[in-house]
Amino acid sequence: MTIPVIIDCDPGHDDVFALWLAAGHPALDLVAVTTVGGNVPLEHTSRNARIALTVAGVTDVPVAAGADGPLVRQLQTAEWIHGENGLGGPELPEPTVPLDARTATELIADTLMASAEPVAIVATGPITNVAVLLRDRPELAERIREIVWMGGSTDRGNVTPYTEFNAWVDPEALDLVVRSGMRFTMVGLNVTHRALVTAAVRERIAAVGTATAAFGEELFEFFCRTNDEVFGMPDGPLHDPVAVAVLADPGCVGLVRTRLDVELSGAETAGATSVDLDGMLGREPNAWVATQIDVDRFWAGVEASIARLS
Ligand code: BDR
Ligand code: CA
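Right, let's walk through the structure included here. (Residues numbered from 1 in each chain as written. Chains lettered and ligands numbered in written order. Predicted model: local features only at pLDDT ≥ 70, side-chain atom pairs only at ≥ 80, totals over all residues. Heavy atoms only, no water.)

**Section: the overall build of the protein**
- A count of helices and strands for the protein gives 12 helices and 10 strands.
- When the backbone C-alpha atoms are referred to their principal axes, the protein occupies close to 50 × 45 × 35 Å.
- The burial tally for the protein puts 58% of its 310 residues in the buried class.
- Partitioning the intrachain contacts of the protein with sequence separation of at least 6 by distance along the chain shows that 82% fall at a separation of at least 24.
- Approximately 11800 Å² of the protein is accessible, and the part contributed by carbon and sulfur atoms is 49%.
- Charge-centre separation for the protein: the mean point of 20 positive side chains lies 5 Å from the mean point of 43 negative side chains. (Helix = DSSP H or I, 4+ residues; strand = E, 2+ residues; numbered from the N terminus. Buried < 20%, exposed > 50% of the residue type's maximum accessible area, 1.4 Å probe, protein only. Contact = heavy atoms within 4.5 Å. Areas by Shrake-Rupley, 256 points an atom, 1.4 Å probe, with all protein chains shown as cover. Lys, Arg positive; Asp, Glu negative; His and termini not counted. Charge placed at Lys NZ, Arg CZ, Asp CG, Glu CD.)

Rendered as structure tokens:
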């Protein structure tokens, strides 16, 4: 049995690998892709998602554009990591995968209605589109199997000392989704900072020898360079596919059931994820939070999935 999954993303280098892991993994059935303004403005993330699927030969999955910015805040972007077009490095081909005429909310709604079984949503950017869906179409919640999101952290941030980028861009959306009562899993920097693009990983992916792998190597080259320049991390952390691995290979990522609250104010703390691992606040657990990753198993899954693509 495969799990039908929608990827909601803001490509972004690591989002591309999330799309490829979802498209190539035998445990998953990628049924739709939606995009959000995040790493770069929506126009670029939408085009980049179509390019990622085009490169991989995935031509039967609809792609729809969603929110061009957060629920209430101004969009903040991350060109310093991903480049001006969001996919710095390779020469980008003209995408042959079209942009669906529907909005992200419409595409997700149609996909949920058409599915015989509940559909999982993996969000790898600011979680605005999912928040809009739950706000405007709450009757569809029962058709969503679960929501897995890359973002947040149980410890340090990557934008301010305590905020991670996706959470920091749209904390109000995150708060709405966490409070929705849906099964929600947070895959934060505390685990994604272990999914490092080492030289050995790069060799391993390049050795797959396909067009997708070659494009991926050019993405890695740029992404590792900017992560080195900005964070002093020459082996860049490939955050987003870890959220896909939660669904694709459950034993690969260890989860704990705990309390998650989202800070909505504070000069440096708006968007901080308060993860009460020790139960200090005495509140009901409301989320699953990733705390462990089997790194070798993760990369084996990424490699095998890329090998199944063009
Ligand atoms: C997250 O922010 C983005 O830059 C990445 O694509 C990832 O989703 C990591 O903080
Ligand atoms: Ca992302």
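**A look at helix H10 (residues 211-231)**
- Taking 1.5 Å per residue, 21 residues should reach 30 Å; H10 reaches 29 Å between its end C-alpha atoms and fits that length.
- Among all positions in H10, only Thr 212, Ala 213, Phe 215, Gly 216, Leu 219, Phe 220, Phe 222, Phe 223, Cys 224, Thr 226 and Asn 227 are buried.
- Looking at the buried side of H10, the elements it contacts are helix H1 (13-24), helix H2 (42-56), helix H3 (79-82), helix H9 (199-206) and helix H12 (295-307).
- Where H10 ends, the next residue or the one after it, Gly 232, has phi of about 65°, a positive value. (Expected span 1.5 Å × (residues − 1).)

**Topic: the coordination of the calcium ion (ligand 2)**
- Donor atoms from the polypeptide that bind the calcium ion (ligand 2) are Asp 10 (OD), Asp 15 (OD), Asp 15 (OD), Thr 124 (O) and Asp 240 (OD), placed at 2.2 to 2.6 Å.
- One chain supplies every donor to the calcium ion (ligand 2), and in sequence these donors are spaced D-x4-D-x108-T-x115-D. Placement of Asp 10 in the loop between strand S1 (3-9) and H1 and of Asp 240 in helix H11 (residues 240-248) is noted, with a sequence separation of 230 residues between them. Like Asp 10, the residue Asp 240 is buried in the burial classification. (Donors = N, O, S within 2.8 Å, 3.2 Å for Na, K, Ca; no water.)

**Some details on the site of ligand 1**
- Every residue near ligand 1 is listed here: Asp 14, Asp 15, Asn 39, His 82, Thr 124, Met 150, Asn 158, Glu 164, Phe 165, Asn 166, His 239 and Asp 240.
- One of the side-chain nitrogen or oxygen atoms of Asp 15 is found 3.0 Å away from an oxygen atom of ligand 1.
- Taken atom by atom, the bulk of ligand 1 overlaps the largest cavity.
- Counting residues per element, the ones that place at least two in the shell around ligand 1 are H1 and helix H6 (165-169).
- Of the residues belonging to the shell around ligand 1, the class tally is 2 nonpolar, 6 polar and 4 charged. (Near = heavy atom within 4 Å. Polar contact = N/O pair within 3.5 Å; in protein donor to acceptor, adjacent residues only side chain to side chain. 1 Å grid on protein atoms, 1.4 Å probe; cavity = no way out; pocket = protein on both sides within 12 Å on 5 of 7 lines; lining within 4 Å. Sits in = over half its atoms within 2 Å of the grid points. Nonpolar A, V, L, I, M, F, W, Y, C, P; charged D, E, K, R; others polar.)

**Concerning the packing of aromatic side chains**
- Scanning the entire structure with this criterion turns up 6 aromatic pairs.
- With centroids separated by 6.3 Å and ring planes inclined at 65°, the aromatic side chains of Trp 20 and Phe 215 adopt a geometry described as edge-to-face. Here Phe 215 lies in helix H10 and Trp 20 lies in helix H1, a separation of 195 residues in the sequence.
- Each ring, one from Phe 298 and one from Trp 299, has its centre 4.9 Å from the other, and the planes form 65°; the classification is edge-to-face.
- Overall, the relative accessible area of 2% leaves Trp 299 in the buried class.
- Here the aromatic cluster, defined as three or more aromatic residues joined through ring pairs, consists of Phe 17, Trp 20, Phe 215 and Phe 220.
- Seen from the ring of Tyr 162, Arg 156 lies directly overhead, with NZ or CZ sitting 5.1 Å from the centre. (Phe/Tyr/Trp six-rings, centres within 6.5 Å; stacked < 30°, edge-to-face > 60°. Lys NZ or Arg CZ within 6 Å of the ring centre and 35° of its normal.)

**Describing the environment of Ala 267**
- Structurally, the position occupied by Ala 267 is in the loop between strand S8 (260-262) and strand S9 (273-275).
- Sequence separation of Ala 267 and Thr 160 is 107 residues, and the distance between their C-alpha atoms is 9.7 Å.

**Topic: the side chain of Asn 129**
- Its place among the elements puts Asn 129 in helix H5 (residues 128-136).
- For Asn 129, a relative accessible area of 3% translates into the label buried.
- Not counting residues within four places of it along the chain, the set of residues in contact with Asn 129 comprises Asp 8, Thr 34, Thr 35, Val 36, Gly 66, Ala 67 and Ala 104.

**Re a nonpolar patch on the surface**
- On the surface, a nonpolar cluster with roughly 260 Å² of combined accessible area is contributed by Trp 80, Val 230 and Phe 231.
- Take Trp 80: it is sitting in helix H3.
- Classification of Trp 80 as partly exposed rests on a relative accessible area of 41%. (Patch = residues over 30% accessible without salt bridge, like charges linked within 9 Å, V, L, I, M, F, W, Y side chains within 5 Å. Salt bridge = Lys/Arg side-chain N within 4 Å of Asp/Glu carboxyl O.)

**Considering the sheet that holds strand S5 (residues 144-150)**
- Here 8 strands make up an open sheet; going across it, the order is S3-S2-S1-S4-S5-S6-S10-S7 and the pairing mixed. The sheet terminates laterally at strand S3 (63-65) and strand S7 (253-258), the two strands that pair on one side only. Neighbour-to-neighbour, the strand axes of this sheet turn through a mean angle of 25°, independent of strand direction.
- Sheet topology note: the S1/strand S4 (residues 119-123) ladder contains 4 bridges and is parallel. Across the sheet, residue Ile 7 finds its bridge partner in S4, namely Val 122.
- Against the sheet, H2 engages S1, strand S2 (28-35) and S3, with an angle of about 155° to S2.
- Against the sheet, H11 contacts S1, S2, S4, S5, strand S6 (184-187), S7 and strand S10 (287-293), and its axis sits at roughly 150° relative to S5. (Pairing = 2+ DSSP bridges. Axes fitted to C-alpha atoms, helices over the stretch in contact; angles between N-to-C directions.)

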